[in-house]
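Breakdown of the fold
Read off the chains here:
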Amino acid sequence: MPEWLAVIILGIIEGITEFLPISSTGHLLLVEQYLPRQSDLFNVVIQAGAVLAVIPLFPERIAQIIQVKRWRDPAIQDYLLKLALAFGLTCVGGFLWDKWGKSLPEEATPVALALFIGGLGFVAVEMWLKNRSGNQNITWTIAVAVGVGQILAAIFPGLSRSGATILLALLLGLSRPAATEFSFLVGIPTMLAASSLKIFKALHHPPQDASPENWSLVVLGTLVSAAVSFVVVKWLLRFIQTHTFTWFGWYRMALGGLVLWLGR
């Protein structure tokens, strides 16, 4: 298979899975068992493309973040501080993980296990939440939980960043739309920071045994993932107004179980 075609396929998968709670990293790692494996830099940068594409879908929240004159509103201050707390915790956890020299696993089994366990969590939580209405208030506890969820997702690929953060927020009483929005907004600086760090290291401190990065393929994958992500997230934001995350849970369990069975 031509590498450019493999990159397009990976970009499509990334765009579909980045914000759906089914793990983009997990899907990329699984698919790369059969396609030419790309670098960690490639995977992180196309994730950033998917993140950038959804910014226009949150115009009011983004305006609150970038318009300094609106920061005087106590409610906006409170929301921004909680976003900053979740992002800050993620940065600390990511820094320690990187400092310890940890890396993503290349084998499929741990990814499949994380997919299955996360899916089981969604099905169980949605059963528990049946006939319960969540609230719209982001508490400090929820902000901490979202930060911890992002760290866990980085450590266990297949768990899903959005999946872990949304699941924890739901457990703490947040409504699906509010949990999804907060998870996505925290994900924007998280993924942009991760991609910026990866790019900086690739340009200034490349590993001696690493092959040169093919930037044209990185750009191609990023553009594809951005276009697909915009469409998928626009659909998801409508979907969660009237549906639960149960189907995503069953999908994760089915995929994880299938991979575990094939790997016996």
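Report on the accompanying structure. (Residues numbered from 1 in each chain as written. Predicted model: local features only at pLDDT ≥ 70, side-chain atom pairs only at ≥ 80, totals over all residues. Heavy atoms only, no water.)

1. Brief notes about the overall build of the protein
Assigned secondary structure in the protein consists of eleven helices and zero strands. Going from N to C terminus, the protein has its helices and strands arranged as α-α-α-α-α-α-α-α-α-α-α. Relative to the compact-globule value of 18 Å for 264 residues, the protein shows a C-alpha radius of gyration of 18 Å, a close match. With the principal axes as the frame, the protein shows a C-alpha extent of 50 × 45 × 35 Å. Residue burial in the protein is summarised as follows: out of 264 residues, 46% are buried. If you take every contact in the protein between residues at least 6 apart in sequence, the share linking residues at least 24 apart comes to 82%. Accessible area of the protein: about 13300 Å², with a carbon and sulfur share of 69%. (Helix = DSSP H or I, 4+ residues; strand = E, 2+ residues; numbered from the N terminus. Rg over C-alpha atoms; globule rule 2.2 N^0.38 Å. Buried < 20%, exposed > 50% of the residue type's maximum accessible area, 1.4 Å probe, protein only. Contact = heavy atoms within 4.5 Å. Areas by Shrake-Rupley, 256 points an atom, 1.4 Å probe, with all protein chains shown as cover.)

2. Section: the environment of F19
Along the chain, the position of F19 falls in the loop between α1 (3-17) and α2 (24-31). With 158 residues separating them in the primary sequence, F19 and P177 have C-alpha atoms 13 Å apart. Filtering out sequence-adjacent residues up to four positions away, F19 remains in contact with A50, V51, V54, R161, S162, F184, S229, V233 and L236.

3. Some thoughts on the pattern of salt bridges
A side chain with one charge may pair with a side chain of the opposite charge, provided their charged atoms come close. For the coordinates displayed, the defined rule picks out four salt bridges. Ionic pairing is found between E60 and R70, a salt bridge with its closest N-O pair at 2.5 Å. Here R70 lies in the loop between α4 (59-66) and α5 (74-99) and E60 lies in helix α4, a separation of ten residues in the sequence. Classification of R70 as partly exposed rests on a relative accessible area of 24%. The shortest N-O distance in the salt bridge between E126 and R176 comes to 2.6 Å. Here R176 lies in helix α9 (residues 176-204) and E126 lies in helix α6 (residues 109-129), a separation of 50 residues in the sequence. Residue classification places E126 among the buried residues on the basis of a relative accessible area of 5%. (Salt bridge = Lys/Arg side-chain N within 4 Å of Asp/Glu carboxyl O.)

4. A word on the side chain of S162
The residue S162 is located in helix α8 (residues 161-171) in this model. Within the structure, S162 has its side chain in polar contact with the backbone oxygen of L20 (distance 3.3 Å). Excluding residues within four positions of it along the chain, S162 makes contact with E18, F19, L20, P21, S183 and F184. (Polar contact = N/O pair within 3.5 Å; in protein donor to acceptor, adjacent residues only side chain to side chain.)

5. Some words on a nonpolar patch on the surface
There is a patch of nonpolar side chains on the surface, built from L113, F116, I117 and L120 and spanning about 360 Å² of accessible area. With respect to the helices, strands and loops of the structure, L120 is situated in helix α6. (Patch = residues over 30% accessible without salt bridge, like charges linked within 9 Å, V, L, I, M, F, W, Y side chains within 5 Å.)

6. Looking at the packing of aromatic side chains
Applying the stated rule across the entire model yields seven aromatic pairs. Geometrically, the ring pair formed by F58 and F184 is edge-to-face, given 6.2 Å between the ring centres and 85 degrees between the ring planes. With a gap of 126 residues between them, F58 in the loop between α3 (40-53) and α4 and F184 in helix α9 connect regions that are remote in the sequence. The rings of F122, W235, F239, F245 and F248 are connected pair by pair, giving a single aromatic cluster. (Phe/Tyr/Trp six-rings, centres within 6.5 Å; stacked < 30°, edge-to-face > 60°.)

None of this, on its own, says anything about what the molecule does.
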